[in-house]
Each structure stands twice: as C-alpha cells, then as structure tokens.
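Breakdown of the fold
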Amino acid sequence: LNIYPNPSNGDLTIDLTTPLQFGTLKLITPNGQSIFENTNLTGSSFSINIQNQPAGIYFIEIHQNEKVYRSKVIKN
C-alpha cells in the first residue's frame, strides 16, 4: 500500500501491489469514524480528495475479502 503525497493538502493517490477485485476503500478519523467509503473497487491505483477535511491524521483502509490494509495519512 503506497499513498502519496503524504502529508497532503487534498489529492491523494493510492497504489496497491496486488489489484483489488470488488474491494472497499475507507477514510477513517482517529476516533474510528468512517467519513468516506468507496465500494466495489477494481484495479491497483485510486485517487481520493480530502481537501474538505480539517487538518489532522486520518487512516486509509483497504478491504479485500477478509484482508484489511491500513495506512496513516496526514492532512495539512
């Protein structure tokens, strides 16, 4: 799981080494609240925009079957 740029002012690119097949991408706050979710994703590269979110720490979660990949993102 590679997310860049990190820290970011808004646009994030997410690259995966193994392509998703009907996976789910979530943006989660430090207290566990899901504030963005995109389902049925297929492929190995995705973009999201977090420009409207306040500055702070967030987590990107990628769900594929029973596997969960999680990475920290810093919003400037």
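Please refer to the structure placed before this passage.
First, a word on scope: everything that follows refers to the structure included in this document. (Residues numbered from 1 in each chain as written. Predicted model: local features only at pLDDT ≥ 70, side-chain atom pairs only at ≥ 80, totals over all residues. Heavy atoms only, no water.)

1. Here we look at the overall build of the protein
Across its full length, the protein holds zero helices and five strands. Computed over its C-alpha atoms, the radius of gyration of the protein comes to 12 Å, within 12% of the 11 Å expected for a compact globule of 76 residues. Each principal axis of the C-alpha distribution contributes one length, and for the protein these read about 30 × 25 × 15 Å. In the protein, which comprises 76 residues, the share counted as buried stands at 32%. Of all intrachain contacts in the protein linking residues separated by at least 6 positions in sequence, the fraction that spans at least 24 positions is 50%. Of the side chains in the protein, 5 bear a positive and 5 a negative charge, and the two mean positions are spaced by 7 Å. (Helix = DSSP H or I, 4+ residues; strand = E, 2+ residues; numbered from the N terminus. Rg over C-alpha atoms; globule rule 2.2 N^0.38 Å. Buried < 20%, exposed > 50% of the residue type's maximum accessible area, 1.4 Å probe, protein only. Contact = heavy atoms within 4.5 Å. Lys, Arg positive; Asp, Glu negative; His and termini not counted. Charge placed at Lys NZ, Arg CZ, Asp CG, Glu CD.)

2. Structural notes on the layout of surface pockets
In this structure, the largest pocket spans a volume of roughly 170 Å³. Around the largest pocket, the lining residues are Leu-1, Leu-16, Thr-17, Thr-18, Pro-19, Leu-20, Ile-62, Gln-64, Lys-67 and Tyr-69. When residues of the lining of the largest pocket are assigned to their parent elements, the largest contribution, five residues, is made by strand S2 (residues 11-28). A class-by-class count of the residues in the lining of the largest pocket yields six nonpolar, three polar and one charged. (1 Å grid on protein atoms, 1.4 Å probe; cavity = no way out; pocket = protein on both sides within 12 Å on 5 of 7 lines; lining within 4 Å. Points joined across faces, edges and corners; volume = space filled by probe spheres on them. Nonpolar A, V, L, I, M, F, W, Y, C, P; charged D, E, K, R; others polar.)

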